[in-house]
Amino acid sequence: MDADPLYHVKQLFYQGRWREACPHGAEELTDSFLQRYIQSLFFSRAALIIPACVAEASSSDLGLPARLYAARSHLALSPPNTPAAKELVSSAETPGAKAVLALGRYLADEDKAARVDEVRDLVIESEGAEEEEETEEAVIRAIAGTVFILEGENEEAIATLTEGKAKEDLEW
């Protein structure tokens, strides 16, 4: 049974199960763990609180897209775990990673006005991105929308989320 950590992290993120989407241990994903996890989904309601298969993966086992979701999960926790999020994406130089880092710094109260401007700049840079960068644009717009809502700039958040290539996701 092959496990795709990106699939699992992404599903947990969108389900709001952020603690489970954060990698904890240093073990590799194993078939036996995945089999136990899937069996627990069928036979136990406690499956909603047990760690998902991502919990056994170290951050080095995850690719960049999965690390972005894991970092966003760290930032979605209450209180946000900004050091862990920064550690997951600090080595990446992509616009999506820069947006996650900006959100982490914003949540850590590091010069909020500068972080808002940084996110605005990332949105402008990502506009008109090529096809392979569409995912990056969607991540940047989602993070920018989050920052703008937290700043009380609701109209700008809505405009940011409904423009660009990310708009296609909202239309289905």
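What counts, and at which threshold
- Residues numbered from 1 in each chain as written.
- Predicted model: local features only at pLDDT ≥ 70, side-chain atom pairs only at ≥ 80, totals over all residues.
- Heavy atoms only, no water.
- Salt bridge = Lys/Arg side-chain N within 4 Å of Asp/Glu carboxyl O.
- Helix = DSSP H or I, 4+ residues; strand = E, 2+ residues; numbered from the N terminus.
- Buried < 20%, exposed > 50% of the residue type's maximum accessible area, 1.4 Å probe, protein only.
- Phe/Tyr/Trp six-rings, centres within 6.5 Å; stacked < 30°, edge-to-face > 60°.

**Quick notes on the pattern of salt bridges**
Two side chains with opposite charge may pair up if their charged atoms get near one another.
Reasoning step 1: Across all of its chains, the model carries 10 salt bridges by this definition.
Reasoning step 2: The salt bridge partner of R105 is E118, with a shortest N-O separation of 2.8 Å. A residue pair is termed long-range when its members are at least 10 positions apart, and R105 in helix 6 (residues 95-107) and E118 in helix 7 (residues 112-126) qualify at 13 residues.
Reasoning step 3: Notably, a salt bridge pairs D117 with R120, separated by 3.3 Å at the nearest N-O pair. Taken together, the positions of D117 and R120, both in helix 7 and 3 residues apart, correspond to about one turn of that helix.
Reasoning step 4: Taking relative accessible area as the criterion, R120 reaches 25% and is therefore assigned partly exposed.
Reasoning step 5: By sharing partners, the salt bridges in this structure join D117, R120, E153 and E156 into a single network.

**A few points about the packing of aromatic side chains**
Reasoning step 1: Inspection of the entire model under this criterion finds 3 aromatic pairs.
Reasoning step 2: Look at F13 and Y14: their rings are 5.3 Å apart centre to centre, the planes differ by 80°, and that puts the pair in the edge-to-face class.
Reasoning step 3: The class of Y14 is exposed, set by a relative accessible area of 54%.
Reasoning step 4: On the numbers, 5.4 Å between centres and 65° between planes, the contact of F13 with Y69 is edge-to-face. Taken together, the positions of F13 in helix 1 (residues 5-14) and Y69 in helix 4 (residues 64-76) put the pair 56 residues apart, joining distant regions of the chain.

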